[in-house]
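Remarks on the overall topology
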Amino acid sequence: MSDREFTLVRVFDAPRELVFQAWLDPDQLTEWAGPHGFSTPRDSIVVEPRVGGRYDSVMVADTDGTTYPSVGVFREIVEPERLVFTWGDPTGDGNVANESVATVTFADTEEGKTTMTFHLLASGPLSPEDGAREGWGQTFERLETLLSASHRH
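A brief look at the structure comes next. (Residues numbered from 1 in each chain as written. Predicted model: local features only at pLDDT ≥ 70, side-chain atom pairs only at ≥ 80, totals over all residues. Heavy atoms only, no water.)

What tends to happen in soluble globular proteins is that the nonpolar side chains get buried as a cluster. Of all hydrophobic cores here, the largest spans 31 residues; its most connected members are Trp23, Met116, Phe118, Trp136 and Leu143. Sorting the residues of this core by element identifies strand 1 (4–12), helix 1 (16–22), helix 2 (26–32), strand 6 (82–87), strand 7 (100–108), strand 8 (114–122) and helix 3 (132–152) as the ones contributing at least two each. Ranked by residue count, the leading element in this core is helix 3, at six residues. The contacts of leucine 143, once residues within four sequence positions are left out, are Phe12, Ala22, Trp23, Trp32 and Met116. (Core = buried A, V, L, I, M, F, W, Y, C linked by side-chain atoms within 4.5 Å. Buried < 20%, exposed > 50% of the residue type's maximum accessible area, 1.4 Å probe, protein only. Helix = DSSP H or I, 4+ residues; strand = E, 2+ residues; numbered from the N terminus. Contact = heavy atoms within 4.5 Å.)

Put into structure tokens, the structure is as follows:
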């Protein structure tokens, strides 16, 4: 089975330093991490922003309180340009062999805007219907809302 991968590109109306920091600041992550219908409690988020540091969180379904832990490790941090981390799919079985690798790059585009490119490489075989692309897409909509709000202040 081949690996599964996808790329999402978003343009945010915020400087790239702010977009980059939103990935590393638990106070911001609690506001945007997870698709619509999920929350990620602040006390569940662990961010150790160094190579080899942990990147953990627990998403909670708003409907029934089901929890979805995700555990990862930073492989690369180049502020404010690039983040690479492993990502344990919260809908998976927790098997390390099923870890995905996320690469996020942040590029200055026009004045005050940032183009963020998110690339996820997952080990197969996983169903293309597993919702990862849609889930991350909704997560980035929430990030956009957060950045717009904070950037206006």
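The structure having been displayed, the exposition proceeds.
As a working rule, side chains carrying opposite charge can pair if their charged atoms are close by. Scanning the model with the defined rule gives six salt bridges in all. A salt bridge links arginine 50 to glutamate 48; the nearest nitrogen and oxygen atoms lie 3.6 Å apart. For glutamate 76, the salt bridge identified is with arginine 82, shortest N-O distance 2.6 Å. Judged by relative accessible area, glutamate 76 falls into the partly exposed class, the value being 29%. (Salt bridge = Lys/Arg side-chain N within 4 Å of Asp/Glu carboxyl O.)

Across all of its chains, the model carries 15 aromatic pairs by this definition. Ring centres of tryptophan 23 and tryptophan 32 lie 5.1 Å apart, and the angle between their planes is 75°; on these two criteria the pair is classed as edge-to-face. For the residue pair tryptophan 23 and tryptophan 32, the accessibility class agrees, reading buried in each case. Their ring planes at 50° and their centres at 5.9 Å tell us that tryptophan 23 and phenylalanine 85 sit as a pair that is tilted. Taken together, the positions of tryptophan 23 in the loop between helix 1 and helix 2 and phenylalanine 85 in strand 6 put the pair 62 residues apart, joining distant regions of the chain. An aromatic cluster is built from Phe6, Trp23, Trp32, Tyr55, Phe74, Phe85, Trp87, Phe118, Trp136 and Phe140, whose rings are joined through pairwise contacts. (Phe/Tyr/Trp six-rings, centres within 6.5 Å; stacked < 30°, edge-to-face > 60°.)

This part takes up the pairing of strand 8. In this structure, strand 1 lies alongside strand 8, joined through nine bridges in antiparallel fashion. Its bridge partner being in strand 8, arginine 10 is matched across the sheet by methionine 116. Once strand 7 ends, the chain turns through five residues before running back antiparallel as strand 8, passing glycine 112 with a positive phi of about 75°. (Pairing = 2+ DSSP bridges.)

The next subject is the pairing of strand 5 (residues 67–78). In terms of strand pairing, strand 4 (residues 54–61) meets strand 5 through seven bridges, oriented antiparallel. Opposite serine 57, over in strand 5, you have serine 70 as the bridge partner. Following strand 4, the chain reverses through five residues before pairing antiparallel with strand 5; glycine 65 in that reversal takes a positive phi of roughly 75°. Taken together, the four bridges between strand 5 and strand 6 define a ladder with antiparallel strand orientation. When the sheet's bridge partners are listed, glutamate 76 is paired in strand 6 with valine 84. Following strand 5, the chain reverses through three residues before pairing antiparallel with strand 6.

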